[in-house]
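Listed below, chain by chain, are the residues.
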Amino acid sequence: FVTGVIELAERRPPATVVWSLTGEAGFRYLVEKAAQEFIWRPFAVVTNLTGTITFCDSVDSGGAAAYYRARLLD
């Protein structure tokens, strides 16, 4: 079970957050998202060609926290 490391890359106005996923190059990752109850749901499948890839999500205007995790699919 291989995971990727997700870090904040940047914030784009008005309500977009860009995340950076670092992991094994040349593989696909499943990014999952959870709210405060930690029920993980599939969010995106990304192909990490170089070792680092970015993905975006919108910010909840209600201020609810969002959590992300990534795991290798291939």
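As shown above, the structure is provided for reference.
Fair warning: this is a prediction, and the values are worked out from it, not measured in the lab.

Q: Got a sec to walk through unusual backbone geometry? Specific residues and values, please.
A: Across the junction of P13 and P14, the peptide omega takes the value 0 degrees, indicating a cis bond. Of note in the backbone geometry, F38 takes a positive phi value of approximately 55 degrees without being a glycine. You can see F38 is positioned in the loop between strand 3 (27-34) and strand 4 (41-48).

Q: Which residues make up the nonpolar core, and what are the values?
A: V17, W19, L21, Y29, V31, V46, F55, Y68, A70 and L72 together form the largest nonpolar core, which totals ten residues. Not counting chain neighbours up to four residues away, the residues in contact with F55 comprise I6, V17, V18, W19, L21, V31, F43, V46 and Y68.

Q: Report on the packing of aromatic side chains, specifying residues and quantitative values.
A: Throughout the structure, instances matching the rule amount to six aromatic pairs. Chaining the aromatic ring pairs together yields one cluster made of W19, F43, F55 and Y68.

Conventions adopted
Residues numbered from 1 in each chain as written. Predicted model: local features only at pLDDT ≥ 70, side-chain atom pairs only at ≥ 80, totals over all residues. Heavy atoms only, no water. Helix = DSSP H or I, 4+ residues; strand = E, 2+ residues; numbered from the N terminus. Core = buried A, V, L, I, M, F, W, Y, C linked by side-chain atoms within 4.5 Å. Buried < 20%, exposed > 50% of the residue type's maximum accessible area, 1.4 Å probe, protein only. Contact = heavy atoms within 4.5 Å. Phe/Tyr/Trp six-rings, centres within 6.5 Å; stacked < 30°, edge-to-face > 60°.

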